Amino acid sequence: MRKVAIVIAGLAIVSLATGQEQNQNPKAPIQNRYVRCGTLIQPESGKVQHNVLITIQGERIREVQENAASPAGGQLIDLSDHTCLPGLIDTHTHVLLQGDITAADYDEQLLKQSTAYRAILGTRSVRRALDYGFTTIRDLETEGAGYADVDLKKAINAGVIPGPRMKVATRAMDVTGAYPLSGYSPEIQVPHGVQIVDGPDDARKAVREQISFGADWIKVYADRSYFVRPDGVLDDIPTFTMDELHAIVDEAHRQHHKVASHAMALNGVHNSVEAGVDSIEHGNYITEADLKTMVQKGIFYVPTIYVGEYVAQGRAAAGAKVWLEMIKIHEDTFRRALNAGVKIAFGTDVGGFDWSIDPAIEFPFMVKYGMTPIQAIRSATSSAAELLGMQNDVGSIAPGKYADLVAVKGDPIADIALLQKVDFVMKGGEVHKSTTH
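Predicted model only: the values in this text are computed from it and were never measured.

Conventions we followed
- Residues numbered from 1 in each chain as written.
- Predicted model: local features only at pLDDT ≥ 70, side-chain atom pairs only at ≥ 80, totals over all residues.
- Heavy atoms only, no water.
- Helix = DSSP H or I, 4+ residues; strand = E, 2+ residues; numbered from the N terminus.
- Buried < 20%, exposed > 50% of the residue type's maximum accessible area, 1.4 Å probe, protein only.
- Contact = heavy atoms within 4.5 Å.
- Areas by Shrake-Rupley, 256 points an atom, 1.4 Å probe, with all protein chains shown as cover.
- Lys, Arg positive; Asp, Glu negative; His and termini not counted.
- Charge placed at Lys NZ, Arg CZ, Asp CG, Glu CD.
- Salt bridge = Lys/Arg side-chain N within 4 Å of Asp/Glu carboxyl O.
- Axes fitted to C-alpha atoms, helices over the stretch in contact; angles between N-to-C directions.
- Parallel < 35°, antiparallel > 145°, perpendicular 65-115°, else oblique.
- Left-handed = near helix turned anticlockwise from the far one by under 90°.
- Disulfide = S-S within 2.5 Å.
- Phe/Tyr/Trp six-rings, centres within 6.5 Å; stacked < 30°, edge-to-face > 60°.
- Expected span 1.5 Å × (residues − 1).
- Pairing = 2+ DSSP bridges.
- Core = buried A, V, L, I, M, F, W, Y, C linked by side-chain atoms within 4.5 Å.

1. Section: the overall build of the protein chain
And then number 1: Counting secondary structure elements, the protein chain contains 13 helices and 18 strands.
And then number 2: Seen through its C-alpha atoms, the protein chain measures out along the principal axes to roughly 95 × 60 × 40 Å.
And then number 3: For the protein chain, buried positions account for 54% of its 437 residues.
And then number 4: In the protein chain, the share of contacts with a sequence separation of at least 24, taken over all contacts with a separation of at least 6, comes to 68%.
And then number 5: Per element, the accessible surface of the protein chain, about 18700 Å² overall, is 52% carbon and sulfur.
And then number 6: A distance of 7 Å separates the average location of the 42 positive side-chain charges in the protein chain from that of its 53 negative side-chain charges.

This is how it looks when you write it as structure tokens:
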């Protein structure tokens, strides 16, 4: 009995000490935060609401109310003189590339900059992306920097560096002789901007390898060497055989991953669509038949308009005048895709142009080429979220979704260029940027 009493007394002391410790360090409940928006645009429905109170708990939105009274407790962020939108999404970026108008620009980065240095520059790129209001991005390959995008994503998720939510494609794929660096002596071994794969078995192996090292998406380069035929069709040389493309798509889909295809012209687009990729990147020329198939299969179109205009003059001066002709062809294709009902997601190819330029410069071009402002905004919110398979988490401001939102002064539906002047950015309930006061 004495031993039992000692044990009970000991347990009581431990229990008392534990209780005291818990009282000294109580686990405080997550306090709500609130954002009051003068105007809120819901791009998916096109609905515009006024005097909206957004309640945020932790990283996610708890409630969205119109004309609600100000809360008695919790932090209130007053954006009553602003227009709020969901955090923007850019589905085509290159955070490890810092502009490549000419081959020399590209070669210098791969030949003279270490992967470590390029990753350091990449930390600046992702911070800029978030500053611009892009709370989610899909980074479509590292251009010779291996799996550095996976590490950037990890560093962001761990809170080591600021940046958007990332989906990454790691190394991308092309065939022997089809992708830079090129033009060097055969006696000199130079790096490549992609993983070189030849044959269906090699292609499947590359997909498996990239996924094992952290790729969320698989990217292929389906064409090269563009030229305009006398009938105005933008033609090309296809890279992969159909057997190779089918192997890549089948292996990626078998592992529940999607495939993005750099396809700018006739054959590259057609082969990609037939193989069943999930998105066509650039798509300067797409036939009517392929547009119809894209609608049937739900294949997205990511047009990246601005980058074509950005590089055209420099590449034409270097001898590739086709890039000037491609601008008009691209506009016509965009209009036809829009009229055909193809799903269009916002993507810029930033990194192909300098990161000092706000990727939101793409919006006015989309409107110039035929979209309404709300369609352009939708392409960078709910439509982009659908492409990335993230529609349950991002793309709109609704209960249960991440508290990712941006704000601008004025009405971006009346002036889409205002999206280049985002002065408030919230990601996951945390304010990243605020120059509103």
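2. Here we look at the environment of Arg 138
And then number 1: Along the polypeptide, Arg 138 turns up in strand β6 (residues 134-139).
And then number 2: Sequence separation between Arg 138 and Trp 217 is 79 residues, and the spatial gap between their C-alpha atoms is 8.6 Å.
And then number 3: When residues no more than four places from it in sequence are discounted, the contact partners of Arg 138 are Asp 90, Thr 91, His 92, Thr 93, Lys 167, Trp 217, Ala 260, Ser 279, Glu 281, Val 302, Leu 387 and Leu 388.

3. Section: the pattern of salt bridges
In a structure, side chains of opposite charge can pair up when their charged atoms sit close to one another.
And then number 1: Counting across every chain of the model gives 18 salt bridges.
And then number 2: Measuring nitrogen to oxygen at the nearest pair gives 2.9 Å for the salt bridge that ties Asp 393 to Arg 60. With Asp 393 in the loop between α13 (382-388) and β16 (405-408) and Arg 60 in strand β3 (residues 60-66), this pair connects stretches of sequence that are 333 residues apart.
And then number 3: The partly exposed category is assigned to Arg 60, whose relative accessible area is 28%.

4. What to know about the packing of helix α3 (residues 115-131) against helix α4 (residues 148-157)
And then number 1: Running from amino to carboxyl end, α3 crosses α4 at an angle of 45°, the nearest separation of the two axes being 10 Å. With respect to α4, the axis of α3 lies oblique. Remark: the crossing between α3 and α4 carries right-handed chirality. Here Thr 115, Ala 119, Gly 122, Thr 123 and Val 126 of α3 come into contact with α4, specifically with Ala 148, Leu 152 and Ile 156.

5. A short note on helix α7 (residues 266-275)
And then number 1: Most of α7 sits inside the fold, with seven of its ten residues counted as buried.
And then number 2: The set of residues buried in α7 consists of Leu 266, Gly 268, Val 269, Asn 271, Ser 272, Val 273 and Ala 275.
And then number 3: Residues of α7 that are buried make contact with β11 (223-228), β12 (234-238), α6 (242-254), β13 (258-263), β14 (279-282) and α8 (288-297).
And then number 4: Positive phi appears at Gly 276, one or two residues downstream of α7, with a value of about 90°.

6. Considering the state of the cysteines
And then number 1: The final tally for this structure, using the stated rule, is one disulfide.
And then number 2: Two residues, Cys 37 and Cys 84, share a disulfide whose sulfurs are 2.3 Å apart. In this structure the cystine formed by Cys 37 and Cys 84 twists about its S-S bond by roughly -95°; its chirality is therefore left-handed. A residue pair is termed long-range when its members are at least 10 positions apart, and Cys 37 in strand β1 (residues 33-42) and Cys 84 in strand β4 (residues 75-86) qualify at 47 residues.

7. Some details on the packing of aromatic side chains
And then number 1: Considering all chains together, one arrives at twelve aromatic pairs under this definition.
And then number 2: Ring geometry for Tyr 301 against Phe 334: centres 6.5 Å apart, planes inclined by 45°, an arrangement best described as tilted. Here Phe 334 lies in helix α10 (residues 322-340) and Tyr 301 lies in strand β15 (residues 300-302), a separation of 33 residues in the sequence. Each member of the pair Tyr 301 and Phe 334 is classed as buried.
And then number 3: Ring geometry for Phe 346 versus Phe 363: centroids 4.4 Å apart, planes at 25°, classification stacked.

8. Brief notes about α10
And then number 1: Compared with the 27 Å implied by 1.5 Å per residue over 19 residues, the 26 Å span of α10 between its first and last C-alpha is a close match.
And then number 2: Directly beyond the C-terminal end of α10, a positive phi value near 85° is found at Gly 341.

9. Thoughts on the sheet that holds β3
In any sheet, the strands associate via hydrogen bonds between backbone groups, in a parallel or an antiparallel arrangement.
And then number 1: Strand order in the open sheet made by the seven strands is β3-β2-β1-β4-β16-β17-β18, with mixed pairing throughout. This sheet does not close on itself; its edge strands, each paired only once, are β3 and β18 (430-434). Within this sheet the neighbouring strands show an average axis-to-axis angle of 30°, counted without direction.
And then number 2: Both strand β2 (residues 47-57) and β3 contribute to a ladder of six bridges, which runs antiparallel. Of the residues in β3, the one forming a bridge with Ile 54 is Val 64.
And then number 3: Each of β17 (424-427) and β18 touches α3; the most contacted strand, β18, lies at about 85° to it.

10. A short note on the pairing of strand β5 (residues 88-93)
And then number 1: With six of six residues buried, β5 is to be regarded as a mostly interior element.
And then number 2: When β5 meets β6, the two strands line up parallel, connected through four bridges. When the sheet's bridge partners are listed, Asp 90 is paired in β6 with Ile 137.

11. Remarks on the nonpolar core
And then number 1: Membership of the largest hydrophobic core comes to 91 residues, with the highest contact counts inside it found for Met 173, Ile 218, Met 294 and Phe 363.
And then number 2: Broken down by element, the residue count for this core peaks at six residues, all from α10.
And then number 3: Ile 218 has contacts with Met 173, Val 207, Gln 210, Ile 211, Ile 248, Ala 252, Lys 258, Val 259 and Ala 260, leaving out every residue within four places of it along the chain.

12. Describing the side chain of Ser 261
And then number 1: Here Ser 261 shows up in strand β13.
And then number 2: Under the relative-accessibility criterion, Ser 261 is labelled buried at 0%.
And then number 3: When near neighbours in sequence (up to four residues on either side) are disregarded, Ser 261 contacts Val 220, Ala 222, Ser 272, Val 277, Ser 279, Ile 280 and Glu 281.

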